[in-house]
Amino acid sequence: MSTLNFISLFFILFLTFQTPPVLSWKKDEFRNCNQTPFCKRARSRQPAFSSLTAHQVTISDGDLTARLIPKNQTDGQIKPLILSLSIYQDGIARLKIDEDPTLNPPKKRFEVPDVVLPEFESKKLYLQRLSKESIDGDVGPSSVVYLFDSYEAVVRHDPFEVYVRRKGGNSRVLSLNSHGLFDFEQLRVKDEDEDWGERFKGHTDTRPYGPQSISFDVSFYDSDFVYGIPEHATSFALKPTRGPNVEESEPYRLFNLDVFEYIHDSPFGLYGSIPFMLSHGKSGQTSGFFWLNAAEMQIDVLGEGWNAESGILLRSKQKTIDTFWMSEAGIVDTFFFVGPSPKDVVRQYISVTGKPVMPQLFATAYHQCRWNYRDEEDVEQVDSNFDEHDIPYDVLWLDIDHTDGKRYFTWDRVLFPNPEEMQRKLAAKGRHMVTIVDPHIKRDDSYWLHKEATQKGYYVKDATEKDYDGWCWPGSSSYLDMVNPEIRSWWGDKFSYENYAGSTPSLYIWNDMNEPSVFNGPEVTMPRDALHLGSVEHRELHNAYGYYFHMATSDGLVKREHGKDRPFVLSRAFFAGSQRYGAVWTGDNTADWDQLRVSVPMILTLGLTGMTFSGADVGGFFGNPDTELLVRWYQLGAYYPFFRAHAHHDTKRREPWLFGERNTELIRAAIHVRYTLLPYFYTLFREANSTGIPVVRPLWMEFPSDETTFKNDEAFMVGNALLVQGIYTERAKHASVYLPGKESWYDMRTGTAVKGGVTHKLEVSEEYIPAFQRAGTIIPRRDRFRRSSTQMVNDPFTLVVALNSSQAAEGELYVDDGKSFEFLNGAFIHRRFSFSNGQLTSVNVVPTAGKSQFSSDCIIERIILLGYSGGLKGAMIQPANQKTEIERAPLRLQGGHSPAVVTIRKPGVRIADDWTIKFL
Ligand code: NOJ
């Protein structure tokens, strides 16, 4: 039997039994660097390998341009490379290096389209002046151009190097090729005796264009740590992968893969890739480097002394972290972000790749998922159990088994005979539904979608130009070529209510398996020699496939409502820019404590690299969490930007009420925490949407000079006001919590002030995980519990004012219709609350302009003052000139014995108005 037939038989058997393969992470299924020729070649190079020098450095069309030529050109095949350096507003330099098209390379190399925002181009500065300097006794000159305020970009001619420095000195920020590891394998015609094919586990990659990889070193100055480049299950501060005292390690791999049962501490690449790295150090400064390239990438973080033998003496005395970047194909299209603050770097990156979506309000609340809710009766029971147990939730999810034989956009009509009615029942309680729509299309001639896609020629082709046929949930499947805008538009139309029979306006979408996952493909994905629009090979854009699929689905949902409503699409695969299209989650994690712990660095990393709307499966996807783990996961997950419980179909049912009354109570309390904080989360999502600053952030983003925070990935900030510390061990009685800064922090549960700048060993109970409000902040809450977030929209607010040592505090509240795009036309309420000199004021953050205004009659029902030092007799509300009482009332309305704190009840002020409350 041929291998192919054998594989087919295996999958037929597999489908017959309808049991998906139970696989644990098998390292051997995936290539390591040594088995990946471009990675092996690159890693074997020594510093000073590159002999390129820059020639004809000049200003052309507002950019600095040059030709890169090897110093001792002996090999006629090495053609000059073309370099261009462009400078953009706000501290961004873009360096591109590609082959010279006028020298007729065999093929145009792939440049990733559709990621860089079109409006970014308008921020380009038209360079006029280039000064030449001889730096540090170099024989040849360096060319210097203006970059930003106090920054310059420098191209050193010989040896070729590019760096960013602060003006008036040689204090560097970022550099490329300082160690001479730059290499660019140019496309060429195959020699007769050459074999370009690559084999792995019975798969052959024909590699018709041969070697075309690129690699180079990048150095980050004044840096103690580097972060970013998701997706890996590993620490937040990236550990070195090479160097004298470094344990043998693979580089961090960026290659979107469907990895079953991934392990919790590994540089192995998971479902998504964002080739964006940030550095941070004691100076409190941050810089960033982004390589726009969608081919497989491998990145080494080089430990101190890695190049001790090389003889290269870096002139800089600054503390530096060197990194080494390797990619299988594409071009050099890189961005240098000067910072200097962590938030500046994030803003700079977002100005290139786009702002994170503004989610609908419901999507920021709690989601209940399982593979699978069996049928309509199951859905109804789960839904009513939430009400019975007084637990709010917003979204119920249906996994692949709701479809007719894994044909997406269909329903198994035996199990789900009345999908519209089912959705309407949920919608009546303000709840939503999400169904799964994966990219593999069942190759079934009677399936309308397959018929149409085949007729139109919309599938990705295999190396022989036939429709690519791979195996996934439905069996034999083909994959739409989502890189093609025409196909994306066609796909988007499939979400219209007419095309998606059984869908209603409260139905949203989940895109899974979009790496893409192909069960019988090399490394469980599509072969690299498969072909996309314009004969682009899959290898060139692999990491962006899921991005395009997410984009097409999200655009489809926008179209469905004629541009009125914001879409909600959860995607597993992602790439730089995915933040514009929806949420992501960390895939198939496991129900164990280590995976609970690693969810935090994973989410922090996603947030730093634009993908702030992210979460991990609460409870762990594989395996059965014991009750304590499940409760702890809910307590932590309540602070994830995307808060969803999910489980594999082989696991025991684990809806919140299945573990006895006490545990139901604990889970309910955790979910309630999220619902009370929804106004704060929604305000933070709006901040992320306008600036890119993530909802959940590392401590050092708020305390950039505090070294103690740099490696801390057990605690995180929600916005600038809340610090949360997870509990990651069984039967924990204590937790160590570091509270940064000089000011105090207030325990979220008790309102008690705790000193800042110290690590506290705190007693913990099963009831909560530590969370503290930072002195000097104001958090808006909504304390009444309803069935869903949508039922809270008319509820009043509570303001928790946590005063600092100057008896001052500030905070914001953002409210809009929670659904439409009208906020873009100014239809929102965005208030800034400030407390100082004994009075609290509410003012507009942005005076809204235009016709379309949003209004709300919601009032503030309570103001809680934490840390007020004077005696209080009462308060005067203005402009109404109305006196009100001060009381001592519970910190929280519900949930046990809450201590009494200084409170103004019923100040009666509206969130939409300007007002002042004077404390007397
Ligand atoms: C893999 C996804 O990661 C998981 O969440 C989902 O339940 C299964 N596919 C089935 O669709």
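Residues numbered from 1 in each chain as written. Predicted model: local features only at pLDDT ≥ 70, side-chain atom pairs only at ≥ 80, totals over all residues. Heavy atoms only, no water.

> Would you mind going over the sheet that holds strand E25 (residues 440-442) with me for this structure?
Where strands meet in a sheet, backbone hydrogen bonds hold them as pairs that are either parallel or antiparallel. The strand order across the open sheet built from 3 strands is E25-E27-E26, with neighbouring strands paired in antiparallel fashion. Among the strands making up the open sheet, the edge pair consists of E25 and strand E26 (470-472). Adjacent strand axes in the sheet meet at a mean angle of 60° when their direction is disregarded. Here E26 runs beside strand E27 (residues 475-479); their pairing, made up of 3 bridges, is antiparallel. Bridge pairing in E27 places Trp-471 opposite Ser-476. (Pairing = 2+ DSSP bridges. Helix = DSSP H or I, 4+ residues; strand = E, 2+ residues; numbered from the N terminus. Axes fitted to C-alpha atoms, helices over the stretch in contact; angles between N-to-C directions.)

> It is not clear to me how the site of the ligand should be interpreted in this structure. Could you clarify?
Around the ligand, a shell composed of 13 residues is seen, among which Asp-399, Asp-512, Arg-572, Asp-588 and His-646 lie nearest. In the environment of the ligand, an oxygen atom lies 2.9 Å from a nitrogen or oxygen atom belonging to the side chain of Arg-572. Starting from 300 Å² of accessible surface for the ligand in isolation, the protein chains cover 99%. Its atoms largely coinciding with the cavity grid, the ligand occupies the largest cavity. (Near = heavy atom within 4 Å. Polar contact = N/O pair within 3.5 Å; in protein donor to acceptor, adjacent residues only side chain to side chain. Areas by Shrake-Rupley, 256 points an atom, 1.4 Å probe, with all protein chains shown as cover. 1 Å grid on protein atoms, 1.4 Å probe; cavity = no way out; pocket = protein on both sides within 12 Å on 5 of 7 lines; lining within 4 Å. Sits in = over half its atoms within 2 Å of the grid points.)

> When you look at helix H3 (residues 342-353) in this model, what are you seeing that I'm missing?
Residue pairs three or four apart in sequence face the same way in an α-helix, which turns once every 3.6 residues. Under the 1.5 Å per step criterion, the end-to-end length of H3 is 17 Å for 12 residues, consistent within 8% with the ideal 16 Å. Among all positions of H3, only Pro-342, Lys-343, Val-345, Val-346, Gln-348, Tyr-349, Ile-350, Ser-351, Val-352 and Thr-353 are buried. (Expected span 1.5 Å × (residues − 1). Buried < 20%, exposed > 50% of the residue type's maximum accessible area, 1.4 Å probe, protein only.)

> Please clarify how the state of the cysteines should be interpreted in this entry.
All told, the structure shown has 1 disulfide when counted by the stated rule. Here Cys-33 is linked by a disulfide to Cys-39, with a sulfur-sulfur distance of 2.1 Å. Measuring the twist about the S-S bond at about -105°, one finds the Cys-33-Cys-39 disulfide to be left-handed. Looking at the unpaired Cys-472, the closest cysteine sulfur is the one in Cys-369, lying at 17 Å. (Disulfide = S-S within 2.5 Å.)

> How should empty space enclosed by the protein be read in this particular structure?
Rolled over the atoms, a probe with the dimensions of a water molecule shows which regions are left empty. In total, this model carries 11 cavities of 30 Å³ or more according to the counting rule given. What the largest cavity holds in volume is close to 170 Å³. Along the walls of the largest cavity sit 20 residues, with Trp-371, Trp-473, Asp-512, Asp-588 and Phe-621 positioned nearest its centre. Residues that form the lining of the largest cavity fall into these classes: 12 nonpolar, 2 polar and 6 charged. Considered as a void within the structure, the second largest cavity measures approximately 60 Å³ in volume. For the second largest cavity, the full set of lining residues is Arg-166, Val-173, Tyr-221, Asp-222, Ser-223, Ser-279, Ser-283, Gln-285, Thr-286, Ser-287, Val-338 and Pro-340. (Points joined across faces, edges and corners; volume = space filled by probe spheres on them. Nonpolar A, V, L, I, M, F, W, Y, C, P; charged D, E, K, R; others polar.)

> Hey, could you run me through the pattern of salt bridges in this one?
Two side chains of opposite charge can pair, provided their charged atoms sit close to one another. Per the stated rule, a full pass over the model turns up 84 salt bridges. Between Arg-566 and Asp-817 there is a salt bridge, with the nearest N and O atoms lying 3.5 Å from each other. With Arg-566 in the loop between helix H9 (545-560) and strand E31 (569-571) and Asp-817 in the loop between strand E45 (809-815) and strand E46 (829-836), this residue pair connects regions lying 251 residues apart in the sequence. Because the salt bridges share partners, they merge into one network encompassing Arg-31, Glu-198, Asp-205, Arg-207, Arg-253, Glu-296, Glu-328, Glu-523, Arg-528, Glu-537 and Arg-539. (Salt bridge = Lys/Arg side-chain N within 4 Å of Asp/Glu carboxyl O.)

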